[in-house]
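Architecture at a glance
Here is what each chain is made of, one letter per residue.
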Amino acid sequence: MNDGSANSKTPIIYTAGYYTDHTYKRYACYWKDIKVTNLVVPDDAIVPCAEYIAIEEGTVFTAGYYWDHNEKQHSCFWKGTVRADLSIPAGFKESFIKSFTVQNGMVYSAGMYRGNDYKEYACYWIDTERTNLAGDNNTGEACANALAVINGKVYAAGYYRKEDKRYACYWTGTERTDLCVPDNNWRSSADAIAVVDGIVYTAGWYKDSDGIPCACYWKNGERTDLAVPDKNKGCEVQDIAVVNGTVYTKGAFIVDNENSDSPIRCFCYWIGNEYKYIPVPSGSKYTDIKAFTVENGTVYTAGNYVDNNDMDHACYWKGTERVKLANSEGNENSDAKAIAVVNNTVYTGGYCSSLKNRACYWTGDKITELSVPFAPKAACVYAMAVK
């Protein structure tokens, strides 16, 4: 979930992502309003990208990754333009950030690292210092999918493996709490977390005895199953927010496609356990929602819909009502990957192929093109903050 805040002054829009040159060499960057700042990576790094952004007392913090020449991923964060690589044990090859936040000048990240055996080991980082999160019998094979930090205490949600099963859990510091699922469950995961007034809320899914994923959230470990349409073939939850005691979640469910053997992924959100289907525009194939936030009891989501010509069209939804975005309805692809709502104004960020510089943000439905040193082959915003 992307949040922002603003005062009575004209807000400053911060965005983060990447752009490429004519050879498709990629540059990680952030923008303050429209001005671009490149982020430093090693000389031999490839495909870097900034996927998260946070602003604290005027300092820009971003986080993301780059690949080495062996195409191994290295997670990092930048304070301004100064990069800090996240630590992993000697002999391990890759690290992955799944969640990121900044408090009191400290950078908190959560995710996992892995070696050549592709086993995953959950952890969180404070700045670059790693804390391992144990699975069963103090072993690894786990992942931290989401992060919350309250007064310096780290909470992480994810899963661990035991034999051939996956178990949803969360960690308070390094103490693991298993999340309840039905006895016939064989696979589950917690993919989102929020901590409010000392209560830990997590959201995710479990697979029933037929192997169908079932969406749910947990309040201090007590599970609430989320309603879904009849004849669905599975559902998932990706985000959670708790406002004035009400639990909001965002996810998707799978249904049969009448025109194809491939099923359709239908996006929705839940207020409590009641789902709200986000409809596909008439004459289009499906929607794809990337971002979610809640403001004054209203759910806002952003992403795109795909028409029958396989073109992507950026938009956002206020509740279930779709709002068209400038330059998104033509014969070029566009997408909204980040959202913030500040003083009742909706801000979204992403890309629009009809623009010379590709990367952009929208204020309401009005588009702003972001600057880069040259006309890129590709560019995109993945995260935004409004201050």
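Placed above this text is the structure.
Residues numbered from 1 in each chain as written. Predicted model: local features only at pLDDT ≥ 70, side-chain atom pairs only at ≥ 80, totals over all residues. Heavy atoms only, no water.

Moving on, we get to the sheet that holds strand β20 (residues 235-243). Within the open sheet, the 4 strands sit side by side as β20-β21-β22-β23. Their pairing is antiparallel. The strands lining the two open edges of the sheet, one partner per strand, are β20 and β23 (274-277). On average, each strand axis in the sheet is inclined to that of its neighbour by 25 degrees, with strand direction left out of account. Of the pairings in the sheet, the one linking strand β22 (residues 264-271) to β23 comprises 4 bridges and is antiparallel in character. The residue bridging tryptophan 270 from the neighbouring strand is tyrosine 275, located in β23. (Pairing = 2+ DSSP bridges. Helix = DSSP H or I, 4+ residues; strand = E, 2+ residues; numbered from the N terminus. Axes fitted to C-alpha atoms, helices over the stretch in contact; angles between N-to-C directions.)

Quick look at the sheet that holds strand β4 (residues 46-56) now. With antiparallel pairing, 4 strands are arranged side by side in an open sheet as β4-β5-β6-β7. Only two strands of the sheet have a single neighbouring strand rather than two, namely β4 and β7 (82-85). Neighbour-to-neighbour, the strand axes of the sheet open up by a mean angle of 25 degrees, direction not taken into account. As defined by bridge partners, strand β6 (residues 73-79) adjoins β7 across 4 bridges and the pair is classed as antiparallel. Considered in β7, the bridge of cysteine 76 is made with aspartate 85.

A separate point is the pattern of salt bridges. For the structure shown, the criterion picks out 14 salt bridges. Glutamate 94 serves as the salt-bridge partner of arginine 114, at 3.2 Å between the closest nitrogen and oxygen. One end of the pair, arginine 114, is in strand β9 (residues 106-114); the other, glutamate 94, is in strand β8 (residues 94-103), and 20 residues separate them in sequence. Judged on exposure class, the residue arginine 114 and its partner glutamate 94 are both buried. Note that lysine 290 is salt-bridged to aspartate 335, the shortest N-O span being 2.9 Å. With lysine 290 in strand β24 (residues 284-295) and aspartate 335 in strand β28 (residues 334-342), this pair connects stretches of sequence that are 45 residues apart. What makes lysine 290 partly exposed here is its relative accessible area of 28%. (Salt bridge = Lys/Arg side-chain N within 4 Å of Asp/Glu carboxyl O. Buried < 20%, exposed > 50% of the residue type's maximum accessible area, 1.4 Å probe, protein only.)

Here the focus is the pairing of β20. Pairing between β20 and strand β21 (residues 246-255): 8 bridges, direction antiparallel. From the neighbouring strand, glutamate 236 faces β21, where its bridge partner is alanine 252. Adjacent in sequence and paired antiparallel, β20 and β21 are bridged by 2 residues, among which asparagine 244 carries a positive phi angle near 50 degrees.

Before going further, it helps to examine the packing of aromatic side chains. Within this structure, the stated rule accounts for 11 aromatic pairs. Relative to tyrosine 167, the ring of tyrosine 160 has its centre 5.5 Å away and its plane inclined at 25 degrees; by these criteria the two rings are stacked. The exposure class of tyrosine 167 is partly exposed, given its relative accessible area of 26%. Grouping aromatic residues by their ring pairs yields a cluster made of Tyr19, Tyr27 and Phe374. (Phe/Tyr/Trp six-rings, centres within 6.5 Å; stacked < 30°, edge-to-face > 60°.)

Note on placement: aspartate 117 falls in the loop between β9 and β10 (120-126). Placed 50 residues apart in sequence, aspartate 117 and tryptophan 67 show a C-alpha to C-alpha distance of 18 Å.

So, about the environment of alanine 336. Take alanine 336: it is sitting in strand β28. Expressed as a C-alpha distance, the spacing of alanine 336 and valine 181, which sit 155 residues apart in the sequence, is 34 Å. Contacts of alanine 336, omitting those with residues within four sequence positions, involve Lys290, Ala302, Gly303, Ala314, Cys315, Leu325, Thr348, Gly349, Gly350 and Trp362. (Contact = heavy atoms within 4.5 Å.)

A few words now on the pairing of β6. Burial analysis of β6 places 5 of its 7 residues in the buried class, which makes it a mostly covered element. With 7 bridges joining them, strand β5 (residues 59-67) and β6 adopt antiparallel strand pairing. Each residue of the ladder has a partner; that of phenylalanine 61, found in β6, is lysine 79. In sequence, β5 turns back onto β6 through a hairpin of 5 residues, with glutamate 71 there showing a positive phi of about 60 degrees. Between β6 and the antiparallel strand that follows it, β7, lie 2 residues; glycine 80 among them carries a positive phi value of about 65 degrees.

Limitation: the analysis is restricted to geometry and does not speak to function.
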